[in-house]
Amino acid sequence: MTTFQNLMLDVSGAAAPAPAPWRPIKITRAEIDAEIDRLSAAPAPANGRRASRIVHPSAVAPGLGFAPGVSVTIEVLDPGERTAPMRENAHRVEIGIRGSGRISVQGRDVREIDLARLDVANIPAMQGFVFRNTGDEVWARLSYSNAPLLEKLTAHYAEDLPEGWEPRRRTAGPRSTEAPAAYTRGTAPDHAIGTDGARLRGYEFLVDIEVVESLALHWPWEEVRRHLSRTAGDGGRTIMALYNPATRRRQGATHNFFVTASYLPPGSGQRPRGRGHKHTSVAINYHFAGHGESEVDGETLTWEEGDLLLSAPSWLEHAHYQGAEGLGAFTVQDHPLHIGMESLVWQEEMDGPVLTLGSEDGQTGYVGPREAGS
Ligand SMILES: [Fe+2]
């Protein structure tokens, strides 16, 4: 029986909590390929969504994922197939890893994205979408989502859209005629409280929120790679962020995730071995070129083309070292989420300061994957 007393947990004098990170883990190219082949060969499910979510051994339901709060799902469509339309309040980053296809998304207008291998796209929350395999081979993607976080919050909302639903061009509708137009944030009371910036505002501010348009965006690899170093020593950037302006200062490809493309051409210099760095955001690396190894909290993980790694669990020291063939990788981190929560804590030098990025002066000097500023 629930009593008032057994709802109380006495934490008087408790020690400061410490992060309890999951261990790093690698899913190999062979394992991903085998799962793509298995999904492709299985009977098509009724909703057309052939998919396997990769679940870390430390994951606990609700919210099974590859990292706490982040899922990576292998999604497959055979030639000619399409998924049933749906929308959800999770958002996605899609990376093409085999074949090609089309993503149709209902935003303000219809967005049609033809996703080739190593192209990246985002799907904003609550915009209907359909995937179609428009090619003649199996289409496989890595689909990153914040669904596990929403599941932990018991707040993952999703709905199937009617059969035959297609995104269509919208016409601007009138504002609701139910509520008097007077009750908007523009006319609501808004009073200064004291002199330090505190305010007292009408409830309209909570429910008539400034809209920031959120679009499905496409970063074709053919275009992205032109802005990255081409040959060793050419001075080109070796890491760049795929930026979605809807995320503003949080620098994401979605409101949860940053995505970076790293490319170090063959023959690029190799990093001297040393200490790593750590941060509260988790990093997931998909390696598409080269090979090398990561030192993560005293554990060495080797990697090569096609491997997917939880390469930086929250607050575990890590450093990455590529071989002579260079490196190509997409990194996804839940960095924008942490900026929004003021929880992006970063320690660049193991004997250096612990910084809260976004709330105080940040880390300067980076232009490559920890080649400078480290
Ligand atoms: Fe890192």
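As recorded in an unreviewed UniProt entry, the protein goes by Gentisate 1 2-dioxygenase-like protein and comes from Pseudonocardia dioxanivorans.

A.B. asks: For this particular structure, what's the right way to read the coordination of the iron ion?
C.D. replies: Tetrahedral coordination by four donors sets the ideal angle at the metal to 109.5 degrees; octahedral coordination by six donors sets it to 90 or 180 degrees. Taken together, His277 (NE2), His279 (NE2) and His318 (NE2) make up the full set of protein donors to the iron ion, lying 2.2 Å away. Binding-site remark: the iron ion is held by donors from one chain whose sequence spacing is H-x1-H-x38-H. Here the residue histidine 279 occupies a position in strand E17 (residues 278-279), and histidine 318 occupies one in strand E21 (residues 318-333), the gap between them amounting to 39 residues.

A.B. asks: Explain the sheet that holds strand E22 (residues 345-347) to me, please; I cannot follow it from the model alone.
C.D. replies: Hydrogen bonding along the main chain pairs the strands of a sheet, whether they run parallel or antiparallel. With respect to topology, three strands assemble into an open sheet ordered E17-E22-E23, the strand pairing being antiparallel. One side of each edge strand has no neighbouring strand; the edge strands of this open sheet are E17 and strand E23 (355-356). Here E17 pairs with E22 via two bridges, running antiparallel. Following the sheet pairing, histidine 279 is matched in E22 by tryptophan 346.

A.B. asks: Sorry if this is basic, but what is going on with the environment of lysine 278 here?
C.D. replies: By the element assignment, lysine 278 lies in strand E17. Spatially, the C-alpha atoms of lysine 278 and glycine 340 are 19 Å apart, while their sequence positions differ by 62 residues.

A.B. asks: I tried to follow the packing of aromatic side chains on my own but got confused; where do I start?
C.D. replies: To describe a pair of aromatic rings, you give the distance between the ring centres and the angle between the ring planes. One pass over the structure, following the stated rule, counts five aromatic pairs. Both rings, one in tryptophan 221 and one in phenylalanine 330, keep their centres 5.9 Å apart while their planes meet at 75 degrees; by these two values the pair is edge-to-face. Here phenylalanine 330 lies in strand E21 and tryptophan 221 lies in helix H4 (residues 221-224), a separation of 109 residues in the sequence. Judged by its relative accessible area of 10%, tryptophan 221 is buried. Chaining the aromatic ring pairs together yields one cluster made of Phe129, Phe131 and Trp139. The ring centre of tryptophan 139 lies 4.7 Å from the NZ or CZ of arginine 141, which sits over that ring. Over the ring of tyrosine 321 we find arginine 273; its NZ or CZ atom is 4.0 Å from the centre of that ring.

A.B. asks: Would you mind showing me how to read the environment of phenylalanine 66 here?
C.D. replies: By the element assignment, phenylalanine 66 lies in the loop between strand E2 (50-54) and strand E3 (71-77). Since its relative accessible area comes to 0%, phenylalanine 66 is described here as buried. Sequence spacing of phenylalanine 66 and isoleucine 339 is 273 residues, and the spatial spacing of their C-alpha atoms is 21 Å.

A.B. asks: So what exactly am I meant to see when it comes to a nonpolar patch on the surface here?
C.D. replies: On the surface, Phe4, Leu7 and Met8 cluster together into a nonpolar patch covering about 370 Å² of accessible area. Mapped onto the secondary structure, methionine 8 falls in the segment before strand E1 (25-27).

A.B. asks: Help me understand the pattern of salt bridges in this model?
C.D. replies: Side-chain pairing between opposite charges can occur once the charged atoms of the two side chains come close. In total, this model carries 30 salt bridges according to the counting rule given. Aspartate 160 serves as the salt-bridge partner of arginine 49, at 3.1 Å between the closest nitrogen and oxygen. In this pair, arginine 49 sits in the loop between helix H1 (29-41) and E2 while aspartate 160 sits in strand E11 (residues 158-160), placing the two residues 111 residues apart along the sequence. When the shortest N-O distance is used, the salt bridge between arginine 141 and glutamate 94 registers 2.6 Å. Placement of the pair is arginine 141 in strand E10 (residues 139-145) and glutamate 94 in strand E5 (residues 92-98), with a sequence separation of 47 residues. Judged by relative accessible area, glutamate 94 falls into the buried class, the value being 0%. Residues joined in a network through salt bridges with shared partners are Arg29, Asp33, Asp37, Arg98 and Glu305.

Criteria and cut-off values
- All residue numbers refer to positions counted from 1 along the written sequence of the respective chain.
- Residue-level local features of this predicted model are given only where pLDDT is at least 70; pairs of side-chain atoms are given and counted only at 80 or more, and the full residue set underlies all totals for whole chains, interfaces and linings.
- Side-chain figures throughout are based on the complete set of non-hydrogen atoms in the structure, without hydrogens or water.
- Any N, O or S atom lying within 2.8 Å of the metal counts as a donor, with the limit raised to 3.2 Å for Na, K and Ca; because water is left out of the atom set, some sites can appear incomplete.
- Going along the chain from the N terminus, every DSSP run of H or I of four or more residues is numbered as a helix, and every run of E of two or more is numbered as a strand.
- A strand pair is defined by DSSP finding two or more bridges across the two strands.
- Pairing of aromatic rings covers Phe, Tyr and Trp, the last through its six-membered ring, and needs centres within 6.5 Å; plane angles under 30 degrees mean stacked, over 60 mean edge-to-face, and all others mean tilted.
- Think of it in three bands: with a 1.4 Å probe and only protein chains considered, a residue is buried below 20% of the maximum accessible area for its type, exposed above 50%, and partly exposed in between.
- A positively charged side chain is recorded as over a ring if its NZ (Lys) or CZ (Arg) lies within 6 Å of the ring centre. The angle to the ring normal must also be within 35 degrees.
- Each patch is built from residues that are more than 30% exposed by relative accessible area and take part in no salt bridge. Like charges join if they lie within 9 Å; nonpolar side chains (Val, Leu, Ile, Met, Phe, Trp, Tyr) join within 5 Å.
- For the accessible areas, the method is Shrake-Rupley and the probe is 1.4 Å, while residue cover comes only from the protein chains on display.
- The working definition used for a salt bridge is a side-chain nitrogen of Lys or Arg within 4 Å of a carboxyl oxygen of Asp or Glu.

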